[in-house]
Every structure is written in C-alpha cells, then in structure tokens.
Amino acid sequence: MQLRRGRLVHLEVGFTALIVVGVSHTTAPIEVREKLTFRPRECVRVLGRLRAEGLIREGVVLSTCNRTEIYAVEEKSVALSEMESILSDRLDVDSTLFTYVRRDREATSHLFAVAARLDSMILGEAQIQGQVRDAWKQCRTEAGPILNRMFQTALLAASRAREETGIGRGAASVSSTAVQLAKKIFGGLAGRRAMILGAGDVAELAFECLLNEGVRVAIVANRTHERALSLAERHGATAMHYDECWQLLRDVDVLICSTAAPSPVVTVARVRDSIEARGDRPLCVLDIALPRDVEAAGGDLDNVFLYDLDDLRAAAAANLEQREEDVPAARAIIAEEVQKFWDWVAGLAAVPVVREFRDEMDRLRSTELAAALRRIGPLSPEQADVIEQFSKSLMNKFMHEPSVRLKAAAANGQGLGVVDAARYLFALETKADSGDSTDIA
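Numbering of residues starts from 1 in every chain and runs along the sequence as written. Local features in a predicted model are, by the rule used here, given only for residues with pLDDT of at least 70; side-chain atom pairs are given and counted only at 80 or more, and totals for whole chains, interfaces and linings are based on all residues. Working from all heavy atoms in the structure, the side-chain values ignore hydrogens and water.

K.L.:
Any chance you could explain the pattern of salt bridges here in plain terms?
P.N.:
If the charged atoms of two oppositely charged side chains come close together, the side chains can form a pair. Any Lys or Arg side-chain nitrogen located within 4 Å of an Asp or Glu carboxyl oxygen qualifies as a salt bridge. For the structure shown, the criterion picks out 25 salt bridges. For Glu53, the salt bridge is made with Arg49, and the minimal N-O distance between the two is 3.3 Å. Overall, the relative accessible area of 39% leaves Glu53 in the partly exposed class. Each of Arg160, Glu164, Glu336, Glu337 and Lys340 takes part in one network of salt bridges that share partners. Only protein chains enter the accessibility calculation, which uses a 1.4 Å probe. A residue is then buried if its area is under 20% of the maximum for its type, exposed if over 50%, and partly exposed in between.

Here is the structure:
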C-alpha cells in the first residue's frame with residue numbers, strides 16, 4: 001500500500017491548492033514594485049474576476065510599499081498563469097522575472113513570516129502586521145474559510161512573535177529609518193524645518209519621529225485639507241492646502257513624502273523653482289511612498305539629497321544585529337502556528353471521509369438487509385421495521401468509534417496519513433480518484 005501523503009480528497013470547502021504569487025523588495029527594484037501597487041478597490045475587482053471565471057475559490061491581495069502578493073485558493077490549475085498575467089500586464093514584461101510562487105504549507109509559512117515582520121525590508125518594522133490585517137479586511141468579500149482562518153492565524157502568530165521575542169524591539173519602521181538618515185545628513189535635526197506630504201499612518205509616524213528629534217517647524221500638506229488639518233492639530237504643526245505648499249519648499253530642510261498618489265507629485269520643476277531661493281542650503285527629500293511621490297531626476301539637482309525606499313535598506317542594515325538574535329525564536333513560533341493551521345486543514349479532510357465511510361456502510365447494510373428479508377420470507381410491516389432499525393443501530397454502533405477517532409486523529413497532527421489510511425482500508429480511494437481531488441503539501 002502506498003498512501004498519498006499530503007493529498008486531501010475534495011474537502012467540504014474543497015480546493016485544489018493554496019498558493020501565493022508576488023513580488024517584494026527581495027525580488028524586484030522599486031521601479032517594478034510601484035507599477036504593481038494595488039488600491040483596495042482594485043484588489044476586490046481583480047479577485048472578483050478570478051472567482052467569476054472559476055479560477056480561484058478564495059483570494060486576498062496584500063499590497064504595501066515593499067510587496068504585492070496575491071493569495072488564492074485555486075479552483076483550476078491555470079489560476080497561477082492568470083495571476084502572473086495580471087502582474088505582467090502592469091509591467092509590460094514577463095512578471096516571472098521578478099515574482100516568487102509559494103504553495104500550500106510554504107505559502108502559509110511565508111504569510112506568517114511576513115505578518116511577524118521577518119520578511120520586511122527593515123527587520124521587525126512595525127507597520128506590516130496592521131497592513132496584513134487591513135488587506136484581509138479589504139478582501140473579506142472574496143476570501144472564505146481557508147484564507148480567513150489562515151490570515152487570522154497569521155496575525156495570532158505575529159502577535160506571539162512580538163510579545164514573546166524582541167523582534168519588534170526599538171519600534172523599527174521605514175519612517176524612523178528615513179528620519180535617522182536625515183539626521184545623519186544634517187548632523188542633527190534640532191531646530192530644522194520639515195514638511196510632510198501625506199496624512200496617513202506612515203506619514204504620522206514620520207512626523208512623530210521628526211518631532212522627537214527636535215524639528216522646530218513642521219508643515220503638513222495633503223490633497224484632503226481636512227486630514228492634513230487633523231494631523232497638524234494633533235501635533236502642533238501647520239496645515240497647508242496642497243496647492244499652496246510648493247512655494248514653501250524654499251524654506252524647509254527636510255521633505256518627507258508619503259501620499260497615495262498614483263504618479264509623482266513632487267516634480268523636478270517644482271523642486272527646481274525652490275533651488276535658487278535656497279542658496280547653498282541642502283534639501284533632504286525622503287520618498288517613502290509607493291508608487292514614488294518624487295520624480296527620480298529630482299535627485300540630480302544641486303544640493304538635493306533624494307532617498308527612496310530602496311535607499312533605506314542599506315541605512316537600516318547597521319541597526320539589525322540585536323533583532324536578528326530573536327529571529328530563531330520568532331521562526332519557532334511561526335512553525336508552531338503553521339502546524340496548528342495545517343492540523344485544522346487536516347481536520348477538514350476527515351469530514352467528507354467520514355461521510356463517505358458512513359454512506360458506503362449504509363449502502364452495504366441496505367443491500368444485505370434486502371437479501372436477508374428475501375430469504376426470511378413474508379413479514380408484517382412491524383416485524384420488517386424492527387429488523388430495519390436493528391440493522392441501523394448495529395451499523396451506527398460499529399461506525400461510532402472509528403468516526404470519532406478519525407476526526408480526532410485528523411485534528412491532532414496525525415491528520416493526513418490517517419485519513420488516507422481510512423480511504424485505503426475501506427476502498428474509498430477508488431471513488432476519490434474518479435472525482436475531484438485536492439493537493440495540499
């Protein structure tokens with residue numbers, strides 16, 4: 001006998017494979033990643049189309065400054081090529097030059113590592129867990145039992161890693177790293193003037209880091225003035241209307257950009273207009289947005305020091321030694337939670353097996369009962385009913401303990417091997433092979 005280890009036969013929630021295809025800071029430069037950024041509505045629209053075409057059963061898109069990933073429960077094996085085509089269409093080149101693909105248990109481990117801050121550009125950075133949670137919430141209409149459970153468990157694993165290890169020590173973030181870079185350029189930020197473009201969470205964190213370094217005057221500008229005003233009032237800064245802020249570039253020392261604009265808002269022309277009025281004073285421009293907020297050519301202007309997300313990676317490397325000591329402990333937590341998730345998946349596998357088991361036994365019971373009644377001869381309806389009930393009761397007693405033990409084994413880590421053994425022992429695998437099957441590694 002050779003058990004099909006790792007194969008589940010059409011679950012109650014049935015799926016062919018769990019898969020993630022994506023790009024990140026480890027596989028693609030910023031000019032590629034910014035083209036693959038998805039807005040929340042785009043995420044739902046893309047997943048809705050894949051589901052409508054019968055390619056996936058569930059889906060979630062995670063799109064941040066440093067990664068874009070499509071998580072899916074496959075319905076058809078061609079789903080992967082279609083998901084890669086969606087990314088390729090945005091790049092106008094073959095996306096497989098930059099993408100990675102993870103399946104089944106590896107896909108789960110990858111998500112858990114992402115949520116736990118282990119796959120971030122800055123190890124232990126603080127924002128990613130919330131970004132994973134937000135992505136899941138935004139895509140809840142397109143997710144289902146498998147991805148909902150996986151994302152819930154990923155967030156639990158991330159919380160455990162944060163609380164039980166020092167992986168988040170020091171509140172590492174893109175924003176804090178950017179501010180530290182600006183501090184090195186000026187030799188300190190006390191008394192400096194800064195402007196923030198954007199009013200989201202990342203912008204606010206950058207703002208707080210600037211204030212902690214002694215920035216004297218801070219200006220907040222955003223396309224929605226009310227949001228800029230709200231952020232400015234919380235931190236004692238000045239809110240500017242978006243269209244009015246550009247003339248103040250001549251007066252600031254640090255410009256931090258973190259908007260959600262689809263194309264650059266800080267153009268070369270706007271920066272050049274402020275250069276003459278600045279004299280020889282340097283302007284540090286920290287572009288922590290994706291897509292980028294600043295035209296790359298702006299960094300070629302005299303006395304303009306432009307840094308984007310990829311530039312921050314090297315700046316952060318020197319501060320990672322202490323956090324790296326906690327990586328093994330964090331990965332151990334992830335491995336434990338991944339195993340719990342797959343034990344749960346294995347438990348799902350037992351449900352249809354038990355049902356098939358009982359259906360097959362009931363079919364045999366009915367066949368043998370009919371043959372016995374023919375041999376006995378005429379019986380009254382009451383007598384026939386007594387024999388019928390006796391056969392059912394006897395079958396249920398025989399079935400009870402195996403059913404309970406099969407479900408328990410599938411849920412406690414013995415899972416897939418026991419399920420496959422039951423299929424083999426009761427000749428259920430022949431029926432499974434003739435129908436749909438599900439590959440889960």
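K.L.:
Teacher, can you tell me more about helix α2 (residues 40-52) here?
P.N.:
Structurally, the α-helix is built with 3.6 residues per turn, so residues lying three or four positions apart point the same way. A run of DSSP states H or I qualifies as a helix once it reaches four residues; a run of E qualifies as a strand once it reaches two. Both are numbered from the N-terminal end. To estimate how far a helix should reach, multiply one less than its number of residues by 1.5 Å. Its 13 residues give α2 an end-to-end C-alpha distance of 18 Å, which sits within 8% of 18 Å, the value for a rise of 1.5 Å per residue. We call two residues contacting when some pair of their heavy atoms lies within 4.5 Å. The inward-facing, buried residues of α2 contact β3 (56-63), β4 (67-74) and α3 (79-91). Just downstream of α2 lies Gly54, where phi reads positive at about 75°.

K.L.:
Any chance you could explain a nonpolar patch on the surface here in plain terms?
P.N.:
Together, Phe390, Leu394 and Phe398 give the surface a local cluster of nonpolar side chains, amounting to about 350 Å² of exposed area. Structurally, Phe398 can be placed in helix α14 (residues 381-411). Residue classification places Phe398 among the exposed residues on the basis of a relative accessible area of 60%. Here, patches come from residues exposed beyond 30% relative accessible area and free of salt bridges, joined within 9 Å for like charges and within 5 Å for nonpolar side chains (Val, Leu, Ile, Met, Phe, Trp, Tyr). Here the open area of atoms and residues is found with the Shrake-Rupley method and a 1.4 Å probe, where only the protein chains shown may cover a residue.

K.L.:
When you look at the pairing of strand β6 (residues 193-197) in this model, what are you seeing that I'm missing?
P.N.:
It is a general feature of regular strands that their side chains alternate between the two faces of the sheet. By the criterion of burial, β6 is predominantly enclosed, with four of the five residues buried. Strand pairing is assigned whenever DSSP identifies at least 2 bridges connecting the two strands. When β6 meets strand β7 (residues 217-222), the two strands line up parallel, connected through five bridges. In the sheet register, Leu197 faces β7, and the bridge partner there is Ala221. When the strands point away from the viewer, a crossover counts as right-handed if the path from the first strand over the helix to the second runs clockwise. At this point the chain moves from β6, through helix α8 (residues 201-212), to the parallel β7, and the crossover so formed is right-handed.

K.L.:
Honestly, the packing of helix α4 (residues 104-115) against helix α6 (residues 145-164) in this entry has me stumped. Any pointers?
P.N.:
Describing two packed helices takes the angle between their axes plus the distance from one axis to the other. Working convention: axes come from line fits to C-alpha atoms, limited for helices to the stretch in contact. Angles between N-to-C directions cover 0 to 180 degrees. Closest axis-to-axis distance for the α4/α6 pair is 8 Å, and the angle between their directions is 45°. With respect to each other, α4 and α6 are oriented oblique. Pair α4 / α6 crosses with right-handed handedness. Residues Thr108, Leu111, Phe112 and Ala115 of α4 lie in contact with α6, whose contacting residues are Met150, Phe151, Thr153, Ala154, Ala157 and Ala158. Think of it as three bins: nonpolar holds Ala, Val, Leu, Ile, Met, Phe, Trp, Tyr, Cys and Pro, charged holds Asp, Glu, Lys and Arg, and polar takes everything else, Gly as well. Of the residues belonging to the contact of α4 with α6, the class tally is eight nonpolar, two polar and no charged. For classification purposes, an angle smaller than 35 degrees is called roughly parallel, one larger than 145 roughly antiparallel, one from 65 to 115 roughly perpendicular, and anything else oblique. Helix crossings are classified by the rotation of the near helix relative to the far one: an anticlockwise turn of less than a right angle makes the crossing left-handed, while a clockwise turn makes it right-handed.

K.L.:
Is there a simple way to explain the nonpolar core in this structure?
P.N.:
In summary, soluble globular proteins display a tendency toward joint burial of nonpolar side chains. Leu18, Leu118, Val132 and Met150 are the most contacted members of the largest nonpolar core, which totals 62 residues. Here this core takes nine residues from α6, the largest share from any one element. In this structure, Val132 is in contact with Leu62, Leu111, Val114, Ala115, Phe151 and Leu155, ignoring residues within four places of it in sequence. Among buried residues, those of type Ala, Val, Leu, Ile, Met, Phe, Trp, Tyr and Cys that are joined through side-chain atoms within 4.5 Å constitute a nonpolar core.

On their own, these measurements won't tell you what the molecule is for.
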